[in-house]
Amino acid sequence: MTISYNWLCDYLPEKTDPEKLSKILTSIGLEVESLEKYESIQGGLQGLIIGEVLEAEQHPNADKLRLTKVNIGGSEPLQIVCGAPNVAAGQKVVVATVGTTIYPLTGEPLTMKVAKIRGVESHGMICAEDEIGIGESHAGIMVLPNDVKVGSPASEYFQTYSDWIYEIGLTPNRMDAMSHLGVARDVCAYLSHHNRKGTKAKTPYTNNLKAENNSLPIKVTVENTEACPRYSGVSIANVTVKESPQWLKDRLIAIGQRPINNIVDITNYVLHETGQPLHAFDADKIKGNEVLVKNLPEGTLFTTLDEKERKLSNEDLMICNGNSEGMCIAGVFGGVESGVKESTKNVFLESACFSSTSIRRTSLRHGLRTDAATRFEKGVDISNTVNVLKRAAKLIQEVAGGEIASEIVDIYPEKKHKTEVALKNHYLKKLSGKNYHSDTIKNLLQSLDFEIIKEGMDELWVAVPFSKPDISLPADIVEEIIRIDGLDNIEIPSSITITPAVNELGTKESLKEKIATYLVGLGFSEIMTNSITNSKYYSEEVLGSSVKMINSLSADLDVMRPSMLETGLEAIAFNINRRNSNLKFFEFGKTYHQKETGKYSEKEHLCIYITGADHEDVWNEKSKNSDLYQAKGIAAGILSLAGLTDAKIEKPEGNAVIEVSHSKNKLAGIQQVSKKRLQQFDIKQNVFFIDFNFESLLKLFERNQITYKEISKYPAVTRDLAMVVNSSTTYEALESTVKKLKLSKLQDIRLFDVFESDKLGKDKKSMAMSFTFLDEEKTMTDKEIDSMVSKLIQSFEKELGAEIRK
């Protein structure tokens, strides 16, 4: 949910600092995920001043430069060297003075400094359109009209707009906060409770809307009152459809909405102001001057505003004309024929309440996740349709002219009664852990527009406002009280009593605990990502066996993840975008698949993600970027924890993924994520990914028998060998050669150096290895050790053509 600070402040009795307001919003359960500065022109033209060119002479040392004197309203004119061919004395121009930062359309921001250009000092810059981000022209400097005041800020002349934009992580039950006015009500309730004074949100509604004539009456008939319990409308004649005024465009653009025309923009403005969707029809397209709210036969074709022909279901509620021809999919999307166009002169404005179930089904059926559908499917305030209609009609008159050409039509056959809920004080104490005074509870609920019906010794009966259709239980009332009191004000008890579990961890949990402890010790953080993700990340082949969501929460969350890579990359991108680029993540999670038989399956994984530097710079060691070898080492460490030291880690020829296997069981894959996949998430640094089949790992772990033995009392002996091999020889080949010998007293091998030089020969390199030998029953003799080293040398020479370096 996107909320504009300027817009929100219109309904608050007094302005609150954006940062303080952000904390209040989070405290009342409207978690602020981001707070960002919005500027219609980047930089807001700060520091730019309107100036007048007094002189423009040839630069003494350059043919294409001019030496100018520019008056910016100061005591002395500025000397500025200018390369524009159109600069001339008498022009009014935009000047960037020394210390000002300009933001060109392309390239990085530039801060003005005193500069010597061909031997002459320049104290600023006369700007072209593209150099300050207000246009694309670079043909010359921008020349302003002569009546512009010298010395005035450029931001005033160009009427730049700035704002603060909140991104709020709204929970699905909070439809009452899906508007600026709804958020303002919550903020005022918080301020009223904490400042101990009545604070009410300013209302934008008006009651003085009257029909100026009855020249355009539209009859409304609602045939399906279950799907449309209330329908209100009014006609406005002789409007002028044109571009919206700047204030309206600024408000909509700031929250990510695209201005269309003044009529449509007002309906969008009021939607985001009040949370009530509206629709404007071209009244001249309503045949028979009648609106029918009904269902059409199965398979009826209807062309929507996006010019796509859709086949309707007989469950889709439609807004039709007098001939029963569809004009709009009710509460979801308008039709191409009846929409407001530049030629429209008369408008019929709709404000209705539609069944959330009906709208949700229709929206999902046609894949139309519109702002209106999102609000209707969560429930709107059925008592507010006429108030919102009047508000929108007044605004349309302000921006498009016209007159109210009919009485307000309001079809509301069955008046809805407010939900009544009883709250017991001991229940409130039990859930909140806090004692509230009865007066505090009443004041707090009344500030949220709850109506107190009756009060008993330990019970309070309240009527829930229509703007909160999700509230029906005492627990919901408790949540409202805790929210406005402040979620961060919940008291923490001085002591917590728990009963410790006596059961040991199961094998599965034990292995998870082991691995998690190991990874955290290496600097990893455990993450938990959403099992539902976006189908756009996957190919059609992958999606063919994936589990698709029938009733998805949003268009971006429509499939159960067939792979854990993509959700992990989302977490990495989120962190990188916030300047946290050195990341080590791990996650235990599941992937989901559909078999050919139609049945579903789940697979449990352990996934590890590595990107950026392996550690921060320290005084005695520079950081280095993570690589595939680091990922392989971590995988080997996990195998060791599981007791699978004999597992194979090998890279099949022609395969980008390193495979980890044990007894023909594939355990994991290690890979560097492809550039193409990283581009999907706008990640510009390497990412390494380890994907363990946790179920297979667990089965092998369970088979292992833990054995103990005494630490040897005899010393281990280490011998080093350096050999020259072909440059294509891998450590895997060396390791495999050693294992073939089956030397029982060889405890460990380690590669500690790789050296390449032309002096070794063409396509040659040196690899140095350390071998550790141990006899647990006696001290080894030199003869025994030399014998084993000799076998190693012979094997390396025979198998790999190695030359031992003496």
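Up top you'll find the structure we're talking about.
Residues numbered from 1 in each chain as written. Predicted model: local features only at pLDDT ≥ 70, side-chain atom pairs only at ≥ 80, totals over all residues. Heavy atoms only, no water.

Observations regarding the pattern of salt bridges
Per the stated rule, a full pass over the model turns up 37 salt bridges. Here Lys778 and Glu784 are joined by a salt bridge, their closest N and O atoms 2.7 Å apart. For Lys778, a relative accessible area of 34% corresponds to the partly exposed category. Through salt bridges that share partners, Arg174, Asp176, Asp186, Lys468, Glu480 and Arg483 make up one connected network. (Salt bridge = Lys/Arg side-chain N within 4 Å of Asp/Glu carboxyl O. Buried < 20%, exposed > 50% of the residue type's maximum accessible area, 1.4 Å probe, protein only.)

Description of helix α18 (residues 694-703)
Residues separated by three or four positions in an α-helix point in the same direction, a consequence of the helix having 3.6 residues per turn. Where α18 is concerned, the buried positions are Phe694, Leu697, Leu698, Leu700 and Phe701. One side of α18 carries all its buried residues, which in axial view fall inside an arc of 165 degrees. Facing away from the buried surface of α18 by more than 90 degrees, the exposed residues are Lys699 and Arg703. Measuring from the side-chain oxygen of the N-cap residue of α18 to the backbone nitrogen of Glu695 gives 3.2 Å; that N-cap residue is Asn693. (Helix = DSSP H or I, 4+ residues; strand = E, 2+ residues; numbered from the N terminus. Arc of directions from axis to C-beta. Polar contact = N/O pair within 3.5 Å; in protein donor to acceptor, adjacent residues only side chain to side chain.)

A look at the pairing of strand β20 (residues 317-320)
Burial along β20 is two-sided: the residues Leu317 and Ile319 and Met318 and Cys320 are all buried. Bridging between strand β17 (residues 290-295) and β20 involves 4 bridges; their strand directions are antiparallel. Along β20, the bridge assignment pairs Lys294 with Met318. Looking at chain direction, β20 and strand β21 (residues 326-329) are connected through 3 bridges and run antiparallel. (Pairing = 2+ DSSP bridges.)

Notes on the sheet that holds strand β1 (residues 2-4)
Read across the sheet, 3 strands follow the order β1-β13-β2 without closing on themselves; strand pairing throughout is antiparallel. The open sheet has two free edges, formed respectively by β1 and β2 (31-39), since each of these has just one partner strand. Direction aside, neighbouring strands of the sheet carry axes that sit 25 degrees apart on average. Alignment of β2 against strand β13 (residues 162-169), held across 8 bridges, turns out to be antiparallel. Note on β13: the bridge partner recorded for Val32 is Ile168. (Axes fitted to C-alpha atoms, helices over the stretch in contact; angles between N-to-C directions.)

A look at a negative patch on the surface
A cluster of acidic side chains, namely Glu31, Glu33, Glu36 and Glu167, defines a negative patch on the protein surface. Element by element, the count of residues in the negative patch is highest for β2, at 3 residues. Tracing the backbone shows Glu33 in strand β2. Exposure remark for Glu33: the relative accessible area of 54% places this residue in the exposed category. (Patch = residues over 30% accessible without salt bridge, like charges linked within 9 Å, V, L, I, M, F, W, Y side chains within 5 Å. Areas by Shrake-Rupley, 256 points an atom, 1.4 Å probe, with all protein chains shown as cover. Lys, Arg positive; Asp, Glu negative; His and termini not counted. Charge placed at Lys NZ, Arg CZ, Asp CG, Glu CD.)

With respect to the packing of aromatic side chains
The final tally for this structure, using the stated rule, is 12 aromatic pairs. With a centroid separation of 4.9 Å and an interplanar angle of 85 degrees, the aromatic rings of Tyr157 and Phe158 are classed as edge-to-face. Between the aromatic rings of Trp247 and Tyr269, the centroid separation amounts to 5.6 Å while the plane-to-plane angle is 90 degrees, which identifies the pairing as edge-to-face. You can see Trp247 sitting in helix α5 (residues 246-254) and its partner Tyr269 sitting in helix α6 (residues 262-274), a full 22 residues away along the chain. A relative accessible area of 38% means that Trp247 is categorised as partly exposed. Among the aromatic side chains, those forming a connected cluster through ring pairs are Trp7, Trp247 and Tyr269. Directly above the aromatic system of Phe574 lies the positively charged group of Arg578, at a separation of 3.6 Å from the ring centroid. (Phe/Tyr/Trp six-rings, centres within 6.5 Å; stacked < 30°, edge-to-face > 60°. Lys NZ or Arg CZ within 6 Å of the ring centre and 35° of its normal.)

Observations regarding the state of the cysteines
Considering all chains together, one arrives at 0 disulfides under this definition. Summary of cysteine pairing: Cys353 is not part of a disulfide, and the nearest cysteine sulfur, belonging to Cys228, is at 7.6 Å. (Disulfide = S-S within 2.5 Å.)

Notes on the sheet that holds strand β26 (residues 420-424)
Pairing is antiparallel across the open sheet formed by 3 strands, whose spatial order is β26-β28-β27. Among the strands making up the open sheet, the edge pair consists of β26 and β27 (451-455). Across the sheet, the mean angle from the axis of one strand to that of its neighbour is 25 degrees, orientation sign disregarded. Pairing of β27 with strand β28 (residues 459-463), which is carried by 4 bridges, proceeds in the antiparallel orientation. Considered in β28, the bridge of Glu455 is made with Leu460.

Looking at the nonpolar core
Ranked by internal contacts, the top residues of the largest apolar core, which has 68 residues, are Leu25, Ile263, Ile477 and Ile481. Discounting residues that sit within four places of it in the chain, Ile477 has contacts with Val421, Leu423, Leu445, Phe450, Val462 and Ile471. By size, the runner-up hydrophobic cluster in this structure holds 40 residues, among which are Leu216, Met318, Tyr412 and Phe466. (Core = buried A, V, L, I, M, F, W, Y, C linked by side-chain atoms within 4.5 Å. Contact = heavy atoms within 4.5 Å.)

Things to note about the layout of surface pockets
Taken as a whole, the largest pocket spans an internal volume of roughly 1,600 Å³. Lining the largest pocket are 35 residues, and of these Lys632, Tyr731, Glu732, Glu735 and Lys739 sit closest to its centre. Secondary-structure elements contributing two or more residues to the lining of the largest pocket are α16 (628-641), β35 (648-650), α19 (731-741), β40 (746-756) and β41 (764-773). For the lining of the largest pocket, the class distribution of residues is 16 nonpolar, 7 polar and 12 charged. (1 Å grid on protein atoms, 1.4 Å probe; cavity = no way out; pocket = protein on both sides within 12 Å on 5 of 7 lines; lining within 4 Å. Points joined across faces, edges and corners; volume = space filled by probe spheres on them. Nonpolar A, V, L, I, M, F, W, Y, C, P; charged D, E, K, R; others polar.)

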